[in-house]
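Fold and geometry: a report
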There are 2 protein chains.
Amino acid sequence: MTATLVGGIGELVTNDPTLGDGSPLGLLRDTALVVERDRVAWVGPARAAPAADLQFDAGDRAVIPGFVDSHSHLVFAGDRAEEFAARMAGQPYEAGGIRTTVAATRAATDEQLTAQVARHVDEMRRQGTTTVEIKSGYGLTVVDEARALAVAHQFTEETTYLGAHVVAPEYADDPAAYVELVCGPMLEASAPYARWVDVFCERGAFDVDQARTVLQAGKAKGLIPRVHANQLGPGPGVQLASEMGAASADHCTFLDDADVTALADAGVVATLLPAVEFSTRSPYPDARRLLAAGATVALATDCNPGSGYSSSMPLCIALAVREMRMTPAEALWSATAGGAAALRRADIGRLSVGSRADFVVLDAPSYLHLAYRPGVPLVTAVWQAGRPAIG
Amino acid sequence: MTATLVGGIGELVTNDPTLGDGSPLGLLRDTALVVERDRVAWVGPARAAPAADLQFDAGDRAVIPGFVDSHSHLVFAGDRAEEFAARMAGQPYEAGGIRTTVAATRAATDEQLTAQVARHVDEMRRQGTTTVEIKSGYGLTVVDEARALAVAHQFTEETTYLGAHVVAPEYADDPAAYVELVCGPMLEASAPYARWVDVFCERGAFDVDQARTVLQAGKAKGLIPRVHANQLGPGPGVQLASEMGAASADHCTFLDDADVTALADAGVVATLLPAVEFSTRSPYPDARRLLAAGATVALATDCNPGSGYSSSMPLCIALAVREMRMTPAEALWSATAGGAAALRRADIGRLSVGSRADFVVLDAPSYLHLAYRPGVPLVTAVWQAGRPAIG
């Protein structure tokens, strides 16, 4: 079996607290790791590194686990740059803008959608993302939701059925019938390509009873719930996520004390998406309150053409530190191990023996530079499943 | 003479208001331009493009003038990532931290400093910056200031003598003697490598009389003034810039009405550095007030290891739009033509006949994406002085 020795690691973030400095990041210095097939086979001091067939030199730079972006909406066509500019000039963000993208997405060919996802997944990889979750939700017909998931499934196992993104325009006068469609034939056609079921539980989208119905139907088909919750105002989304045993409640901007407690007690990951608050000029979620309560926090991009079209996990880290007062260590953990927790994955988001060999070499001596050097493309090499993908 | 036809330009930002849509950006669609030697020789509709020896296809993407980063401090050694992390945990930014970098810079060899500047200039170029101003100010001895400028001068004509960054530690008890040094032998040794003279006129650095003395001495040696003004609190810096006919007053966070009027009336460019406010968690300057008064606004990075270690002009644009409510068009203009105005350059920051052929191809259909897609590395090709430098 071919083994590759990755040496010259100035600083290694393992996210294994039994390693290194004993912090959640499990920080090691002057380290090497050995990759066999798609896995990390050995981690330890550079001076004790075993012989290997191949060598890769990290040049004394920092190496971190690949980012796990646990919330994105990459299957779409068109863009909404003009809407963005109007919003920056004072127009508020409302969920209804989603329908603009629905029309463009339905009109696109399979080839166009596939090319668009490929382009964005590649753009993410160049920024250090090695696992991405992708949702449907811009089709809103049986055929268009199923094809969105079929397209997404070519790029990731982490596909999420979001037929319940907004009520399809054809059903504006009969949302109950739309919920029936989402829970019936649309789910039937989509489930073969999906691991997760998600619902946008928010004023202007779906109320708590509709949302519960959707999640229950998805669960009955073997999908695991996640919820868009408490983004635009206070609401029942987080409590529903807790009640349904969801893996993650995403956004979490408007929480009361019971919501925070529910997330911590139910082990529902609070997935924060600060690039959306940046791009909609909205208040940021209170990460410190969630961390203080013992909730698990993930950071993700929410990359989508409406509320936030950034694919940059490094930007999310910089915003988490600047705007949400997470420490650089907490932010990096949330962007890697936190994302893995939100996807209930034990094999990614860390770099210890047995982990998938997904890692990023930064053009920096320390992971601190991700927050210290905002906007700067610091990713110089990316390995995915044991192979060099970038650099 | 070899001519290159740059075709397939989906959207061209010329910054020439006599072209295209008549806005300050002088926006053209489906355009071509011809490059001869280091200049733009022709701009016009793609269908009317003349024949040329070589072809370059922009792939229907947006093309903008190269960014003009008119304020940076690239000649330094060491980093201050730990100080950054401490600041994000609540410690305030003060000018005194500069002395940490002074010690590291003095200890570095010429080769180390040159390699560091080369690395950062390359990093900037990959992000679309084709002209960068570089200041001294981490030497603070005759020898160390002169060598900082000699190093910087290898990379740009836009070098700025900033012996008056802070009082050198050796002169802590006798700032008057330090000002004499700055205006005497240090200036003498530095002037051959500098175009500009700058002073940090702020509590904790230099008062207005000291600052005036420094700028007058620089002017007498043929250097043109610029001023670090009104960053940390209200102060006399902007008025001094106006009185001295400075090209630019930089920071401009704490202004009163008379300051705003002075900038507009004296034609002093207000150079805003929002990446510093981002990295110090400080209030952003009021760009709208400056624009409403008719002042010329430039955006620059201030890239330095203390108050803001970003080299990213796209981040500055995104912050200007999000935090300072500039329109995407105003922000792009300020990051290109505005920077050129701050450097009193008519040949850069625009793309019309006779301009230097410094341009950037974005992986986007419109310049709007610079603000719409924050953190995403959108620069796919960079031409500098008529030659492909990146991509």
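Residues numbered from 1 in each chain as written. Chains lettered and ligands numbered in written order. Predicted model: local features only at pLDDT ≥ 70, side-chain atom pairs only at ≥ 80, totals over all residues. Heavy atoms only, no water.

1. Re the overall build of chain A
A count of helices and strands for chain A gives 14 helices and 16 strands. Rg of the C-alpha trace for chain A: 21 Å, near the compact-globule value of 21 Å for 391 residues, within the 12% margin. Once the C-alpha set of chain A is aligned to its principal axes, its extents read approximately 70 × 45 × 45 Å. Within the span of chain A, comprising 391 residues, buried residues form 61% of the whole. When contacts within chain A are restricted to residue pairs at least 6 apart in sequence, those whose partners lie at least 24 apart make up 70%. In the form shown here, chain A has an accessible surface area of approximately 13000 Å², with 51% of it arising from carbon and sulfur atoms. For chain A, the distance from the average position of its 31 positive side-chain charges to the average position of its 46 negative side-chain charges is 3 Å. (Helix = DSSP H or I, 4+ residues; strand = E, 2+ residues; numbered from the N terminus. Rg over C-alpha atoms; globule rule 2.2 N^0.38 Å. Buried < 20%, exposed > 50% of the residue type's maximum accessible area, 1.4 Å probe, protein only. Contact = heavy atoms within 4.5 Å. Areas by Shrake-Rupley, 256 points an atom, 1.4 Å probe, with all protein chains shown as cover. Lys, Arg positive; Asp, Glu negative; His and termini not counted. Charge placed at Lys NZ, Arg CZ, Asp CG, Glu CD.)

2. Considering the packing of helix 5 (residues 175-183) of chain A against helix 7 (residues 208-220) of chain A
Residue and element names in this part refer to chain A. Packing of helix 5 against helix 7 brings their axes to within 9 Å, and their N-to-C directions diverge by 15°. With respect to each other, helix 5 and helix 7 are oriented roughly parallel. With respect to the hand of their crossing, helix 5 and helix 7 are arranged in right-handed fashion. For the pair formed by helix 5 and helix 7, the contact residues are Pro-175, Val-179, Val-182 and Cys-183 on the first element and Gln-210, Thr-213, Val-214 and Ala-217 on the second. Considering only residue class, the contact of helix 5 with helix 7 consists of 6 nonpolar, 2 polar and no charged. (Axes fitted to C-alpha atoms, helices over the stretch in contact; angles between N-to-C directions. Parallel < 35°, antiparallel > 145°, perpendicular 65-115°, else oblique. Left-handed = near helix turned anticlockwise from the far one by under 90°. Nonpolar A, V, L, I, M, F, W, Y, C, P; charged D, E, K, R; others polar.)

3. Focus: the interface of chain A and chain B
Facing 43 residues of chain A, the contacting portion of chain B comprises 43 residues. The contact between chain A and chain B buries some 3800 Å² in all, and 56% of this surface belongs to carbon and sulfur atoms. The largest per-residue losses of area from chain A upon contact with chain B belong to Phe278(A), Arg322(A) and Tyr372(A), which jointly make up 22% of the total buried on that side. Seen at the junction of chain A and chain B, the total is 4 salt bridges. Among the ionic pairs, Glu123(B) bridges to Arg373(A), the shortest N-O distance being 2.7 Å. Joining chain A to chain B, the criterion identifies 22 residue pairs in polar contact (both at pLDDT 80 or more). The biggest single contributor to the side of chain A that touches chain B is helix 12 (residues 313-324) of chain A, with 6 residues. Residue composition of the side of chain A that touches chain B, by class: 21 nonpolar, 9 polar and 13 charged. (Buried area = accessible area lost by both parts, 1.4 Å probe. Salt bridge = Lys/Arg side-chain N within 4 Å of Asp/Glu carboxyl O. Polar contact = N/O pair within 3.5 Å; in protein donor to acceptor, adjacent residues only side chain to side chain.)

4. Looking at the sheet that holds strand 11 (residues 248-251) of chain A
Residues and elements named next belong to chain A. With parallel pairing, the 7 strands of this open sheet are ordered in space as 7-8-9-10-11-12-13. The sheet is open, and its two borders are formed by strand 7 (134-135) and strand 13 (297-299), each paired with just one other strand. The pairing of strand 9 (residues 196-201) with strand 10 (residues 224-229) spans 6 bridges and is classified as parallel. Counted as the bridge partner of Cys-201 is Ala-229 from strand 10. (Pairing = 2+ DSSP bridges.)

5. Section: the pattern of salt bridges
A side chain with one charge may pair with a side chain of the opposite charge, provided their charged atoms come close. Residue and element names in this part refer to chain A. By the definition in use, this model includes 52 salt bridges over all chains. Among the ionic pairs, Glu-83 bridges to Arg-80, the shortest N-O distance being 2.9 Å. One network of salt bridges, with partners in common, ties together Glu-133, Lys-135, Asp-198 and Arg-226.

6. Overview of the relation of the copies chain A and chain B
Overlaying chain A on chain B yields an RMSD of 0.0 Å, the required transformation being a rotation through 180° with an accompanying axial translation of 0.0 Å. A rotation of that kind, with that shift, is consistent with a two-fold axis. Proximity to the rotation axis, assessed at the C-alpha, singles out Gly375(A) in chain A; its C-alpha lies 2.5 Å from the axis. Interface overlap between copies is the fraction of interface residues in one copy that are interface residues in the other; for chain A against chain B it reaches 100%, indicating a shared surface. (Least-squares fit on C-alpha atoms with pLDDT ≥ 70 in both.)

7. A short note on the confidence of the model for chain A
All names here are of chain A. Confidence along chain A averages 96 in pLDDT terms, with 99% of residues attaining 70 or more. When mean pLDDT is compared element by element in chain A, strand 5 (residues 67-69) scores highest at 99, while helix 1 (residues 81-88) scores lowest at 92. Scoring of the predicted complex yields 0.98 for pTM and 0.97 for ipTM. (pLDDT = per-residue confidence, 0-100.)

8. Some words on the pairing of strand 11 of chain A
Side-chain positions along a regular strand alternate between the two faces of the sheet. All names here are of chain A. With 3 bridges joining them, strand 10 and strand 11 adopt parallel strand pairing. Note that in strand 11 the partner of Val-227 across the bridge is Ala-249. On the question of chirality, the crossover connecting strand 10 to the parallel strand 11 by way of helix 8 (residues 237-243) is right-handed. For the crossover that starts at strand 11, traverses helix 9 (residues 257-266) and ends in the parallel strand 12 (residues 269-272), the hand is right-handed. (Right-handed = clockwise from strand over helix to strand, strands pointing away.)

9. Concerning helix 9 of chain A
Residue and element names in this part refer to chain A. Within the span of helix 9, buried status applies to Asp-259, Val-260, Ala-262 and Leu-263. Down the axis of helix 9, the sector holding all buried residues measures 160°, keeping them to one side. Away from the buried face of helix 9 by more than 90 degrees, exposed residues Asp-257 and Asp-265 are located. Looking at the packing, one finds that the buried side of helix 9 touches helix 8, strand 11, strand 12 and helix 11 (287-292). One or two residues past the end of helix 9 sits Gly-267, with phi positive at roughly 65°. (Arc of directions from axis to C-beta.)

10. Observations concerning the packing of helix 12 of chain A against helix 13 (residues 328-342) of chain A
Residues and elements named next belong to chain A. Put simply, helix 12 and helix 13 touch, their axes get as near as 9 Å, and they point 140° apart. Relative to helix 13, helix 12 is oriented so that their crossing is right-handed. Facing Met-313, Ile-317, Ala-320 and Val-321 of helix 12, the residues of helix 13 in contact are Pro-328, Ala-331, Leu-332 and Ala-335. Split into classes, the residues belonging to the contact of helix 12 with helix 13 amount to 8 nonpolar, no polar and no charged.

11. Comments concerning the domain arrangement of chain A
Residue and element names in this part refer to chain A. Examined at the domain level, chain A breaks down into domain 1 (3-66 + 349-390) and domain 2 (67-342). Centre-to-centre separation of domain 1 and domain 2, based on C-alpha positions: 29 Å. On the side of domain 2, 19 residues touch domain 1, which itself brings 22 residues to the contact. At the boundary of domain 1 with domain 2, total buried surface from both sides reaches about 1600 Å², with 71% on carbon and sulfur atoms. Counting across the domain 1 and domain 2 interface gives 5 residue pairs in polar contact (both at pLDDT 80 or more). Of the residues contributing to the side of domain 1 that touches domain 2, the split by class is 16 nonpolar, 4 polar and 2 charged. (Domains from an automatic or database assignment.)

12. What to know about the pairing of strand 11 (residues 248-251) of chain B
As paired strands, strand 11 of chain B and strand 12 (residues 269-272) of chain B are joined by 3 bridges and run parallel to one another. In the strand pairing of strand 12 of chain B, Asp250(B) is matched with Thr271(B).

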